[in-house]
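# Observations on the model geometry
Listed here are the chains, written in short residue letters.
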Amino acid sequence: MTNPVPSLTLNNGIPIPQLGFGVFLVPPDETATAVTTALEAGYRLIDTAQGYRNEKGVGDALAQTDVPRDEIFITTKLVNGQHGHDEALAAFDDSLERLGIEVLDLFLIHWPLPMFDLYVETWRALEQLLADGRVRSIGVSNFEIEHLERLANETDITPALNQVELHPEFPQEELRAYHESHGILTESWGPLGQSRGLLDDARIVEMAEKKRRTPAQVVLRWHIQVGNVVIPKSVTPHRIRENIDIFDFELDETDMETFTELNVGRRLGPHPNEFDLV
Ligand code: NAD
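Just so we're clear, the structure is a prediction, and the values are computed from it rather than from any experiment.

So, about the overall build of the chain. The helix and strand inventory of the chain stands at 10 helices and 10 strands. Dimensions along the principal axes, computed over C-alpha positions, put the chain at roughly 55 × 40 × 35 Å. Counting only residues that meet the buried cut, the chain has 54% of its 278 residues in that class. Residue pairs in contact within the chain that sit at least 24 positions apart in sequence constitute 75% of those at least 6 positions apart. Accessible area of the chain: about 12,300 Å², with a carbon and sulfur share of 47%. Positive and negative side-chain charges of the chain, numbering 23 and 46 respectively, have mean locations separated by a distance of 5 Å.

What follows is the structure, encoded as structure tokens:
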């Protein structure tokens with residue numbers, strides 16, 4: 001068994017494991033198996049989304065596991081096509097049914113879609129779900145500072161967390177600083193650079209070899225030491241186990257500086273102000 005995953009505390013006092021299991025692009029019929037492997041490996045945070053079409057697979061794994069429900073932190077996200085107050089409430093109900101749970105741990109607005117100008121109204125629906133006790137925490141994803149500022153000015157509750165693209169080539173320093181000064185946790189998506197070259201970088205490979213670790217492990221360790229919540233994805237059992245086995249070593253100052261050199265401002269996904277897929 002690997003060392004346990006530490007927790008961070010959301011701005012409402014609720015703990016969240018600092019490392020979890022993401023299931024973007026995990027095929028629906030493979031999701032229950034992958035989540036079961038992750039739970040067995042010690043993961044206690046599962047990150048899905050309505051748009052991933054695999055909430056049912058997550059629910060099947062939850063129904064089968066011996067791990068008590070209150071030890072597992074489930075995040076799902078509102079699909080883009082359901083922005084708006086009543087639409088968001090209806091979509092939330094459907095998620096709980098697919099997940100087979102009574103209360104969700106964290107519900108996120110997946111993308112701000114500023115071109116439709118509905119995220120403030122949608123956020124009020126999430127505030128209602130929180131007040132009604134149907135979800136324990138609410139947050140956002142892919143929100144830029146300007147979107148967070150609008151929520152701060154026009155609504156009551158500060159998001160507990162903002163899940164954004166974040167990896168060594170795109171460390172989101174300005175956004176992270178904003179989060180820190182407003183009590184919002186930063187959660188990294190695409191933390192391994194989505195298998196698009198980051199793990200082959202000679203500086204990371206060399207650092208990993210010196211520490212007798214894998215490139216994925218040193219990159220995930222960087223996220224932990226920066227203070228992010230991190231949710232790597234894999235369907236390969238040995239990688240699922242490898243990705244959580246990072247709590248018995250540390251990066252030193254020189255290693256952290258090497259990571260600073262990797263920052264080239266390379267965004268892999270779309271800019272949140274432009275992404276309008278519904
Ligand atoms: P990731 O950076 O976690 O990369 C996943 C890929 O890395 C895998 O498909 C595999 O090819 C490779 N990989 C995993 N473990 C490895 C290892 N140990 N060694 C070598 N290669 C390894 O990218 P991601 O899946 O896009 O992001 C993680 C999670 O973040 C998703 O599953 C999802 O839950 C979330 N996410 C959210 C958004 C959003 O808009 N909010 C967008 C993308 C992803």
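Picking up where we left off.
A few words on the pattern of salt bridges. Taken as a whole, this structure holds 16 salt bridges when the rule is applied. Here Glu169 makes a salt bridge to Arg266, at a shortest N to O gap of 2.8 Å. A residue pair is termed long-range when its members are at least 10 positions apart, and Glu169 in the loop between strand E8 (161–165) and helix H6 (173–182) and Arg266 in the segment after helix H10 (253–261) qualify at 97 residues. Judged by its relative accessible area of 11%, Glu169 is buried. Across the salt bridge formed by Arg176 and Glu180, the nearest N and O atoms sit 3.6 Å from each other. Of the two residues, Arg176 and Glu180 both sit in helix H6, four residues apart, roughly one turn of that helix. On the accessibility criterion, Arg176 (13% relative accessible area) is buried. With relative accessibility at 58%, the residue Glu180 sits in the exposed group. Several salt bridges converge on common partners, so that one network encompasses Arg69, Asp105 and Arg136.

The subject of this paragraph is the site of the ligand. By nearness alone, 27 residues border the ligand, and Asp47, Ser141, Leu192, Gln194 and Asn243 come closest of all. Asp47 places a side-chain nitrogen or oxygen 2.6 Å from an oxygen atom of the ligand. Between the ligand and Trp189, the relevant distance is 3.5 Å, taken from an oxygen atom to a side-chain nitrogen or oxygen of the residue. Ranked by residue count, the leading element in the shell around the ligand is helix H9 (residues 237–244), at three residues. Here the residues of the shell around the ligand are counted per class, giving 11 nonpolar, 11 polar and five charged.

Attention now moves to the packing of aromatic side chains. For the coordinates displayed, the defined rule picks out six aromatic pairs. Their ring planes at 40° and their centres at 4.2 Å tell us that Trp111 and Phe275 sit as a pair that is tilted. Of the two residues, Trp111 is situated in the loop between strand E6 (104–109) and helix H4 (119–131) and Phe275 in the segment after H10; the sequence distance between them amounts to 164 residues. Note on Trp111: relative accessible area 8%, which makes it buried. With a centroid separation of 5.6 Å and an interplanar angle of 25°, the aromatic rings of Trp222 and Phe259 are classed as stacked. Of this pair, Trp222 sits in helix H8 (residues 215–226) while Phe259 is found in helix H10, placing the two residues 37 residues apart along the sequence. When sorted by exposure, Trp222 lands in the same class as Phe259, which is buried. Across from the ring centre of Tyr119, 5.4 Å away, lies the NZ or CZ of Arg150, which sits over that ring.

With respect to the element layout, Ile240 can be found in helix H9. What makes Ile240 buried here is its relative accessible area of 1%. Considering only alpha carbons, one finds Ile240 and Ala38, 202 residues apart in sequence, at a separation of 6.3 Å. Leaving out residues up to four positions away in the same chain, Ile240 has contacts with Phe21, Ala34, Thr37, Ala38, Ala41, Tyr43, Ser234 and Val235.

It is worth spelling out the sheet that holds strand E5 (residues 73–78) at this point. If you walk across this open sheet you meet the eight strands as E3-E4-E5-E6-E7-E8-E9-E10, and the pairing is parallel. Where the open sheet ends on each side, the last strands, each with one partner, are strand E3 (21–22) and strand E10 (229–230). Packing against the sheet, H4 makes contact with E5, E6 and strand E7 (135–141), and its axis sits at approximately 160° to E7.

Reading the values: the criteria
- Residues numbered from 1 in each chain as written.
- Predicted model: local features only at pLDDT ≥ 70, side-chain atom pairs only at ≥ 80, totals over all residues.
- Heavy atoms only, no water.
- Helix = DSSP H or I, 4+ residues; strand = E, 2+ residues; numbered from the N terminus.
- Buried < 20%, exposed > 50% of the residue type's maximum accessible area, 1.4 Å probe, protein only.
- Contact = heavy atoms within 4.5 Å.
- Areas by Shrake-Rupley, 256 points an atom, 1.4 Å probe, with all protein chains shown as cover.
- Lys, Arg positive; Asp, Glu negative; His and termini not counted.
- Charge placed at Lys NZ, Arg CZ, Asp CG, Glu CD.
- Salt bridge = Lys/Arg side-chain N within 4 Å of Asp/Glu carboxyl O.
- Near = heavy atom within 4 Å.
- Polar contact = N/O pair within 3.5 Å; in protein donor to acceptor, adjacent residues only side chain to side chain.
- Nonpolar A, V, L, I, M, F, W, Y, C, P; charged D, E, K, R; others polar.
- Phe/Tyr/Trp six-rings, centres within 6.5 Å; stacked < 30°, edge-to-face > 60°.
- Lys NZ or Arg CZ within 6 Å of the ring centre and 35° of its normal.
- Pairing = 2+ DSSP bridges.
- Axes fitted to C-alpha atoms, helices over the stretch in contact; angles between N-to-C directions.

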